[in-house]
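Chain residues, written in single-letter form:
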Number of protein chains: 2
Amino acid sequence: VSDIGEFELIARLAAVHAAGPRAPVDVGIGDDAAVLDLKGKTVWTVDVQVDHVHFERGWLSAEDIGFRAHAAATSDVYAMRAHPVAALASYVLPTGNAGLAEALARGARESARVHGAPIVGGNLSRGAELTITTTVLGSSARPLLRVGARVGDGLYASGPVGHAALGLRALASSRTDASLEPFVARWRRPSLPIDADIDAASAGIDVSDGLARDLEHLLERGRLGAILDADALVDEDMKRGAALLGLEPLELALGGGEDYVLLCSSPEPMAGFARIGEVIEGEGFFVRDHGGTVQRMPTRGHEHRF
Amino acid sequence: VSDIGEFELIARLAAVHAAGPRAPVDVGIGDDAAVLDLKGKTVWTVDVQVDHVHFERGWLSAEDIGFRAHAAATSDVYAMRAHPVAALASYVLPTGNAGLAEALARGARESARVHGAPIVGGNLSRGAELTITTTVLGSSARPLLRVGARVGDGLYASGPVGHAALGLRALASSRTDASLEPFVARWRRPSLPIDADIDAASAGIDVSDGLARDLEHLLERGRLGAILDADALVDEDMKRGAALLGLEPLELALGGGEDYVLLCSSPEPMAGFARIGEVIEGEGFFVRDHGGTVQRMPTRGHEHRF
């Protein structure tokens, strides 16, 4: 399928998406821009996945890459307490990769089936490095911001943290073991908190760069502090999986990103969430271990350097 | 300014944009997503500029690259008969390029001052190739589509075509001459049709891939034909400039892209536009030369191959 023209490839990608969920648009793929009727507050985000930076081709299928790229961008919409409405996908492709583009589109369609935000347009360009940029629009009656946590609020996570990072380390080390498969699957195909009820949350963020790093935002960079419970962060599966790779599970839970779970502060219990700690006065964050010992933790997690 | 962290760089870019035009947003740079109140029909587009594909660093300043990337994306919004509202900019940067990112942001801010659509968020990632992805939202009471031209409609252009292509060829050939400077400037900093009145238009598209290529879309890939007037496509400056580089001016006008002028069909005269031809029955497009001779033209223009 190599050496086909841009317009032919656009037609093929449009066919992939035509078989997916319907998007609420007046005009979709094929014009200068998509046309939508949006009501209320609109939230809008963009995210990128770059070959050799965010993934290696050997670690997942092209469909997985498309799924991840769409889910990672859509995660920001859930973190704003919004419903995903639609997405645009921009692909930069090395030559000879028309088939890859179709597989990426199928993966994005899969994610849209589960998470919402069907692809309604995009852009195609040649380039040396496979780069997938996804922009997503969502609608919210009451957007949830990163700012708003208060002292005494509980800290709640919609799912386990560090699992995707463990899966990624398994892939990078080429270590295979049946017990590591769920972690690898978690990294390849993030599962967004589609049914999470976050009405009560005072602030929220998705865990993409690592819990410690993302928590910093909820703590408004030092205005507030937090204490986390190690027992709530690391389960038995995680301990066993980390041991197989010689890794420290708490390190993974605090520093590993790309889980795309929701981290919220809330003055009330949050059904379906794990309570992992609470917001305290002062700055810095602390972890209380099984025996009750409290230790101050350095910030860590993923940050690009430029 | 090399080796600074992502969050520090985000703060610097936010400062660049804070000095620019105000965007109509509730939440801008710094949360998981931007928050906007949108009314009526929303148009939404994404465009990418990749180093060594769309430009070479030696051909223009980093500010120019930022300006072009923003203008090229915003052009699609004008082509939909919409007002640009806001933009998100996603930068993939090789390491050591924090200063470059700030210059890109200044360039985008300049374009936003002229064309609208201030930057209200974005994304930063490392990567091997400088890649700038811009997504723009616009608002329209009555979006103009590519489909809608009728036999007998005039074809109108909001500005000269082929000028940016001539400028690009001058840069690529390293040929310098004062008379080529306006063409180079046209390529480096596209000027969008901010005051164009396109109420009467029946269909429209921006000329990004080349007149012949983009016209195909207005002609709905063969449902309609067109006849263009060579005299309306090539002016004296263009003839002189093309001659300096040994190029055929009509070829540049038909095949050269990146002018970002508006091409419209309309049953009525369009003030401020040049009438360059008309929509005819049948398929294919023809050019009438100075002497009245009509010649059938092949489609040409830019199309990525995959």
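Cut-off values and rules
Residues numbered from 1 in each chain as written. Chains lettered and ligands numbered in written order. Predicted model: local features only at pLDDT ≥ 70, side-chain atom pairs only at ≥ 80, totals over all residues. Heavy atoms only, no water. Phe/Tyr/Trp six-rings, centres within 6.5 Å; stacked < 30°, edge-to-face > 60°. Helix = DSSP H or I, 4+ residues; strand = E, 2+ residues; numbered from the N terminus. Axes fitted to C-alpha atoms, helices over the stretch in contact; angles between N-to-C directions. Parallel < 35°, antiparallel > 145°, perpendicular 65-115°, else oblique. Contact = heavy atoms within 4.5 Å. Least-squares fit on C-alpha atoms with pLDDT ≥ 70 in both. Pairing = 2+ DSSP bridges. Buried area = accessible area lost by both parts, 1.4 Å probe. Salt bridge = Lys/Arg side-chain N within 4 Å of Asp/Glu carboxyl O. Left-handed = near helix turned anticlockwise from the far one by under 90°. Nonpolar A, V, L, I, M, F, W, Y, C, P; charged D, E, K, R; others polar. Buried < 20%, exposed > 50% of the residue type's maximum accessible area, 1.4 Å probe, protein only. Polar contact = N/O pair within 3.5 Å; in protein donor to acceptor, adjacent residues only side chain to side chain.

Participant: Sorry, what's going on with the packing of aromatic side chains here?
Facilitator: The description of an aromatic ring pair rests on the distance of the ring centres and on the angle between the ring planes. Residue and element names in this part refer to chain A. A complete count under the given rule lists two aromatic pairs over all chains for this structure. An angle of 75° between the planes, with centres 6.1 Å apart, marks the rings of W59 and W187 as edge-to-face. Of this pair, W59 sits in the loop between β3 (41-50) and α2 (62-79) while W187 sits in helix α5 (residues 181-188), and the two are 128 residues apart along the sequence.

Participant: When you look at the packing of helix α4 (residues 163-172) of chain B against helix α5 (residues 181-188) of chain B in this model, what are you seeing that I'm missing?
Facilitator: For any two helices packed against each other, one specifies the inter-axial angle together with the distance between the axes. Residue and element names in this part refer to chain B. Taken N-terminus to C-terminus, the directions of α4 and α5 make an angle of 105°; their axes are 7 Å apart at the nearest point. For the element pair α4 / α5, the angle class is roughly perpendicular. Along the contact surface, α4 presents H163, A164, L166, G167, L168, A170 and L171, while α5 presents F183, V184, R186, W187 and R188.

Participant: How do you make sense of the relation of the copies chain A and chain B when you look at a structure like this?
Facilitator: Two copies of one chain are present, and they are related through a rotation about an axis combined with an axial shift. Superposing chain A onto chain B takes a rotation of 180° combined with a translation of 0.0 Å along the rotation axis, leaving an RMSD of 0.0 Å. Both copies are brought into coincidence by an operation consistent with a two-fold rotation axis. No C-alpha of chain A approaches the rotation axis more nearly than that of L38(A), which lies at 3.2 Å. Looking at the interface residues of chain A, 100% of them are also at the interface in chain B, so both copies use one shared face.

Participant: For this particular structure, what's the right way to read the sheet that holds strand β2 (residues 34-37) of chain A?
Facilitator: Pairing between sheet strands relies on hydrogen bonds along the backbone, with the strands arranged either parallel or antiparallel. Taken in spatial order, the six strands make up an open sheet running β1(A)-β2(A)-β3(B)-β6(B)-β4(B)-β5(B), and their pairing is mixed. The strands lining the two open edges of the sheet, one partner per strand, are β1 (25-27) of chain A together with β5 (119-126) of chain B. Strand-to-strand, the axes of this sheet are offset by a mean angle of 25°, without reference to chain direction. Sheet topology note: the β2(A)/strand β3 (residues 41-50) of chain B ladder contains four bridges and is antiparallel. Residue pairing in the sheet places A34(A) in a bridge with W44(B) of β3(B). Its contacts with the sheet put helix α1 (residues 6-18) of chain B on β4 (83-93) and β5 of chain B, and the angle it makes with β5(B) is roughly 150°.

Participant: Can you help me understand the interface of chain A and chain B in this one?
Facilitator: Frequently, the measure chosen for interface size is the accessible area removed from exposure when the parts meet. Tallying the contact residues gives 73 residues for chain A and 73 residues for chain B. For the pair chain A and chain B, the two sides together bury roughly 6,000 Å², of which 57% comes from carbon and sulfur. Per-residue buried area on chain A facing chain B is highest for D32(A), W44(A) and F306(A); these three make up 19% of the total on that side. On the surface where chain A and chain B come into contact, there are eight salt bridges.

Participant: When you look at the sheet that holds strand β1 (residues 25-27) of chain B in this model, what are you seeing that I'm missing?
Facilitator: Spatial ordering of the open sheet is given by β5(A)-β4(A)-β6(A)-β3(A)-β2(B)-β1(B), a layout of six strands whose pairing is mixed. Of all the strands in the sheet, the pair left with one neighbour each is β5 (119-126) of chain A together with β1 of chain B. On average, each strand axis in the sheet is tilted by 25° relative to the strand beside it, whichever way the strands run. Packing of helix α3 (residues 98-115) of chain A onto the sheet brings it into contact with β4 (83-93), β5 and β6 (131-140) of chain A, and relative to β4(A) it is tilted by some 165°.

Participant: Looking at this structure, I do not really get the packing of helix α2 (residues 62-79) of chain B against helix α3 (residues 98-115) of chain B. What am I missing?
Facilitator: Residues and elements named next belong to chain B. Contact geometry of α2 with α3 gives a least axis separation of 6 Å together with a crossing angle of 40°. Considering the angle they form, α2 stands oblique to α3. You can see that α2 and α3 cross each other, and the crossing is right-handed. In contact with A62, E63, I65, G66, F67, H70, A71, T74 and Y78 of α2, α3 contributes L100, A103, L104, R106, G107, A108, E110, S111, A112 and H115. Among the residues forming the contact of α2 with α3, the class breakdown is 10 nonpolar, six polar and three charged.

Participant: Help me understand the pattern of salt bridges, please; the structure alone is not making it clear to me.
Facilitator: Side-chain pairs of opposite charge can arise where the charged atoms are in close proximity. Per the counting criterion, the structure on display carries 32 salt bridges over all chains. In this structure, the salt-bridge partner of D31(B) is R146(A), at a minimum N-O distance of 3.8 Å. Of this pair, D31(B) sits in the loop between β1 and β2 (34-37) while R146(A) sits in the loop between β6 and β7 (154-157), which puts the two residues in different chains. Here R223(B) and E220(B) are joined by a salt bridge, their closest N and O atoms 2.6 Å apart. Salt bridges sharing common partners tie together E8(A), R12(A) and E102(A).

Participant: Could you clarify how one ought to interpret the environment of L145(A) in this entry?
Facilitator: Residue and element names in this part refer to chain A. Within the secondary structure layout, L145 lies in the loop between β6 and β7. Its relative accessible area of 27% is what places L145 among the partly exposed residues. Linking L145 and M80, residues 65 residues apart in sequence, is a C-alpha distance of 6.2 Å.

Participant: Quick question: what am I supposed to make of helix α4 (residues 163-172) of chain A here?
Facilitator: Three or four residues apart is the spacing at which side chains of an α-helix point the same way, because the helix has 3.6 residues per turn. Residue and element names in this part refer to chain A. Counting buried residues in α4 gives seven out of 10 residues, a clear majority hidden from the surface. Taken together, the buried positions of α4 are H163, A164, A165, L166, G167, A170 and L171. Residues of α4 that are buried in the fold lie against α5, α8 (236-244) and α9 (249-255). Two residues or fewer after α4 comes S174, characterised by a positive phi angle close to 60°.

Participant: Just to check I follow, could you spell out the pairing of strand β8 (residues 203-206) of chain A for this structure?
Facilitator: Two faces make up the sheet, and in a regular strand the side chains alternate between them. Residue and element names in this part refer to chain A. In β8, alternate side chains face the same way, and those of A203 and I205 on one face and G204 and D206 on the other are all buried. With four bridges connecting them, β8 and strand β10 (residues 262-266) associate as antiparallel partners. The residue bridging G204 from the neighbouring strand is C264, located in β10.

Participant: Help me out: how do you make sense of the pairing of strand β12 (residues 284-288) of chain A in this one?
Facilitator: All names here are of chain A. Bridging between strand β9 (residues 225-229) and β12 involves five bridges; their strand directions are parallel. Across the sheet, residue G225 finds its bridge partner in β12, namely G284. Sheet topology note: the β12/strand β13 (residues 294-297) ladder contains four bridges and is antiparallel. Bridge pairing in β13 places V287 opposite Q295. Joining the antiparallel neighbours β12 and β13 is a turn of five residues, in which G292 adopts a positive phi near 95°.

Participant: Would you mind showing me how to read the side chain of T131(B) here?
Facilitator: Mapped onto the elements, T131(B) comes out in strand β6 (residues 131-140). At a separation of 2.9 Å, a polar atom in the side chain of T131(B) contacts the main-chain carbonyl oxygen of E129(B). Here T131(B) is in contact with V92(A), V48(B), Q49(B), V50(B), S90(B), Y91(B) and V92(B), once residues within four sequence places are set aside.

Participant: In this structure, what is going on with unusual backbone geometry? I would like to understand it.
Facilitator: Negative phi values dominate among residues other than glycine, just as trans dominates among peptide bonds. Residues and elements named next belong to chain A. Of note, the phi angle at R81 is positive, near 60°, even though the residue is not glycine. Looking at the element boundaries, R81 is found in the loop between α2 and β4. On the basis of relative accessible area, R81 is assigned to the buried category, the value being 15%. Phi is positive for Y260, which is not a glycine, with a value near 55°. Within the element layout of this structure, Y260 appears in the loop between α9 and β10. According to the relative accessible area criterion, Y260 is buried, its value standing at 4%.

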